[in-house]
Amino acid sequence: MLEIAVQMDPLERINFAGDSTFALMLEAKRRGHRLWFYTPDQLSLEGGTLTARAHPIEVFDDPSRYYALGEATELDLARMDVVLLRQDPPFDLAYITSTHFLERIQSRVLVVNDPGHVRNAPEKVFVMEFADLMPPTLITRDRAAIERFRARHGDIVMKPLYGHGGAAVFKVTPRDPNFGSLFDMFSASFREPWVVQQFLPEVAKGDKRIIFVDGEAMGAINRVPAQDDIRSNMVRGGAAAATELDPREQEICARLGPELKARGLVFVGIDVIDGRLTEINVTSPTGLRALKRVGGPDLAPPLFDAIERRLKALRAAG
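First things first, this report covers the structure right here in the doc. Quick caveat: nothing in here was measured; it's all calculated off a predicted structure.

### With respect to the overall build of the protein chain
So, step 1. In terms of helices and strands, the protein chain carries 9 helices and 17 strands.
So, step 2. In terms of C-alpha radius of gyration, the protein chain reaches 20 Å, essentially the compact-globule figure of 20 Å for 318 residues.
So, step 3. The principal-axis extent of the C-alpha atoms belonging to the protein chain is close to 60 × 45 × 40 Å.
So, step 4. Relative to its full complement of 318 residues, the protein chain shows a buried share of 51%.

### Notes on the packing of aromatic side chains
So, step 1. For the structure shown, the criterion picks out 12 aromatic pairs.
So, step 2. Taking the centre distance of 5.4 Å and the plane angle of 40 degrees together, the rings of Phe-16 and Tyr-66 count as tilted. With Phe-16 in the loop between strand E1 (3-7) and helix H1 (20-30) and Tyr-66 in the loop between strand E4 (49-59) and strand E5 (67-69), this residue pair connects regions lying 50 residues apart in the sequence.
So, step 3. Using a relative accessible area of 16% as the deciding quantity, one classes Tyr-66 as buried.
So, step 4. Measuring from ring centre to ring centre gives 5.3 Å for Phe-186 and Phe-190, while their planes differ by 65 degrees; the resulting arrangement is edge-to-face.
So, step 5. Taking relative accessible area as the criterion, Phe-186 reaches 0% and is therefore assigned buried.
So, step 6. In this structure an aromatic cluster arises from ring pairing among Phe-170, Phe-179, Phe-183, Phe-186, Phe-190 and Trp-194.
So, step 7. Directly above the aromatic system of Phe-179 lies the positively charged group of Arg-150, at a separation of 4.1 Å from the ring centroid.
So, step 8. The ring of Phe-16 is capped by Arg-289, whose NZ or CZ atom sits 5.0 Å from the centre of that ring.

### What to know about unusual backbone geometry
So, step 1. The omega torsion across Pro-89 and Pro-90 is 25 degrees, close enough to zero to call that bond cis.
So, step 2. Despite not being glycine, Asp-214 shows a phi value in the positive range, around 50 degrees.
So, step 3. Of note in the backbone geometry, Asp-274 takes a positive phi value of approximately 50 degrees without being a glycine.
So, step 4. Inspection of the secondary structure assignment puts Asp-274 in the loop between strand E16 (267-273) and strand E17 (276-281).

### Quick look at the pattern of salt bridges
So, step 1. Enumeration over the complete set of coordinates arrives at 27 salt bridges.
So, step 2. The residue Glu-27 makes a salt bridge to Arg-30 at a minimum N-O spacing of 2.6 Å. Placement of the pair is Glu-27 and Arg-30 together in helix H1, with a separation of 3 residues, close to one helical turn.
So, step 3. Residue classification places Glu-27 among the buried residues on the basis of a relative accessible area of 5%.
So, step 4. Taking relative accessible area as the criterion, Arg-30 reaches 59% and is therefore assigned exposed.

### Comments concerning the sheet that holds E16
So, step 1. Read from one edge to the other, the open sheet built from 5 strands follows the order E15-E14-E13-E16-E17, with strand pairing classed as antiparallel. Two strands bound the open sheet, and with one partner strand each, they are strand E15 (239-242) and E17. Within the sheet, the average angular offset between the axes of one strand and its neighbour, ignoring direction, is 30 degrees.
So, step 2. Across 5 bridges, E16 lies against E17 in antiparallel orientation. Following the sheet pairing, Asp-271 is matched in E17 by Glu-279.

### What to know about the side chain of Thr-140
So, step 1. Note that Thr-140 resides in strand E9 (residues 137-140).
So, step 2. In terms of polar contacts, Thr-140 uses its side chain to reach the backbone amide nitrogen of Asp-142, at 3.0 Å.
So, step 3. In this structure, Thr-140 is in contact with Ala-145, Ile-146, Pro-193 and Trp-194, ignoring residues within four places of it in sequence.

### Things to note about helix H7 (residues 247-262)
So, step 1. In this model, H7 (16 residues) spans 24 Å end to end at C-alpha, consistent with the 22 Å of a helix rising 1.5 Å per residue.
So, step 2. In the structure, H7 departs most strongly from a straight axis at Leu-256, where the bend amounts to approximately 30 degrees and where the proline Pro-258 lies between one and four residues downstream.
So, step 3. Considered for burial, the residues of H7 that qualify are Glu-249, Ile-252, Cys-253, Leu-256, Gly-257 and Leu-260.
So, step 4. Buried residues along H7 sit against helix H4 (123-126), strand E13 (207-213), strand E14 (216-224), E16 and E17.
So, step 5. With a side-chain oxygen positioned 3.1 Å from the backbone nitrogen of Arg-248, the residue opening H7 is Asp-246.
So, step 6. Taken from the residues just after H7, Gly-264 is the one with a positive phi, measuring 70 degrees.

### Some thoughts on the nonpolar core
So, step 1. Counting residues in hydrophobic clusters, the biggest one holds 39 residues, and the most contacted among them are Leu-77, Leu-256, Ile-270, Leu-277 and Ile-280.
So, step 2. Among the elements of the structure, strand E2 (34-38), E4, strand E7 (82-85), helix H2 (93-103), E13, H7, E16 and E17 are those that each provide at least two residues to this core.
So, step 3. A per-element tally of this core places H7 first, with 4 residues.
So, step 4. Sequence-distant contacts of Leu-277, that is, excluding residues within four places in its chain, are made with Val-127, Phe-130, Leu-133, Met-134, Pro-135, Ile-252, Leu-256, Ile-270, Asp-271 and Val-272.
So, step 5. If you look at the next biggest cluster of nonpolar residues, it comprises 36 residues, including Met-8, Val-266, Phe-304 and Leu-311.

### What to know about the sheet that holds strand E10 (residues 156-160)
So, step 1. Read from one edge to the other, the open sheet built from 4 strands follows the order E9-E12-E10-E11, with strand pairing classed as antiparallel. Every other strand in the sheet has two partners, leaving E9 and strand E11 (170-172) as the edge strands with one partner each. For this sheet, the mean inter-axis angle between neighbouring strands, taken without regard to orientation, is 25 degrees.
So, step 2. As paired strands, E10 and E11 are joined by 3 bridges and run antiparallel to one another. The partner of Ile-156 across the bridge, within E11, is Val-172.

Cut-offs and rules
- Residues numbered from 1 in each chain as written.
- Predicted model: local features only at pLDDT ≥ 70, side-chain atom pairs only at ≥ 80, totals over all residues.
- Heavy atoms only, no water.
- Helix = DSSP H or I, 4+ residues; strand = E, 2+ residues; numbered from the N terminus.
- Rg over C-alpha atoms; globule rule 2.2 N^0.38 Å.
- Buried < 20%, exposed > 50% of the residue type's maximum accessible area, 1.4 Å probe, protein only.
- Phe/Tyr/Trp six-rings, centres within 6.5 Å; stacked < 30°, edge-to-face > 60°.
- Lys NZ or Arg CZ within 6 Å of the ring centre and 35° of its normal.
- Salt bridge = Lys/Arg side-chain N within 4 Å of Asp/Glu carboxyl O.
- Pairing = 2+ DSSP bridges.
- Axes fitted to C-alpha atoms, helices over the stretch in contact; angles between N-to-C directions.
- Polar contact = N/O pair within 3.5 Å; in protein donor to acceptor, adjacent residues only side chain to side chain.
- Contact = heavy atoms within 4.5 Å.
- Expected span 1.5 Å × (residues − 1).
- Bend = angle between axes of the 7 residues up to and from the residue.
- Core = buried A, V, L, I, M, F, W, Y, C linked by side-chain atoms within 4.5 Å.

Here it is in structure tokens:
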């Protein structure tokens, strides 16, 4: 039996039907492992000891009662076998601080995904290492640079660099009268640069989420936006269907797989539109339950196989 702590968002925020963290917890229970739950604000670092005010948790595949918590206790995270780093963005200083904390226990505890590489691979920046696989993309908050980019590429998409779930994603046309107001709104709302990307009309046919398990692409969902939206995220009304990878997508996966595995990024979701890579999601990827629901493979078991293999390797090296 393994001792597994799950660092995640408050349980009341869980979407029972779609939460991938919950799918992993159910698989851990099936294997007889013991689970602990805590939120990032319950972490404490004192001297060299990292603790969390954590609850033992039981999970159930039942929408009317899907978890039960035991009494909270101060849990020494160095005594865990595995910590699942699963809170959702925003990828802010609080998120970054938690990755620094979790690095303190990595010599003894398997943290999934690797916290240092999560910190160094934010979705919309890490992907720029593979710019040749992407549509034309600019990261900036300089208005003149955005206007030059828009003049070259026509319709564009603007979105926050550290956004998630399709929030604040806008399509802007070459002569869009709303551009000035949109620029002002972004300037007031976000301190970091923004992502400006050539709009891909083929998004209307779907945005493919491809799920990697320890560097291997093992399943994909095609997410089709609602008729009056450009965002394919399922939380924004996108419709999902199981799908296969075409040769171009297989080429992208072959390029990315070894890099993800080398970085300790065990569970990753990438987004591909019309054969072009747009994001690499490493912080809290989703899609496990959606993929299974639409007839694709159940990837929770192979994910836990990979976790257990990596834990065995960590212990052998120690």
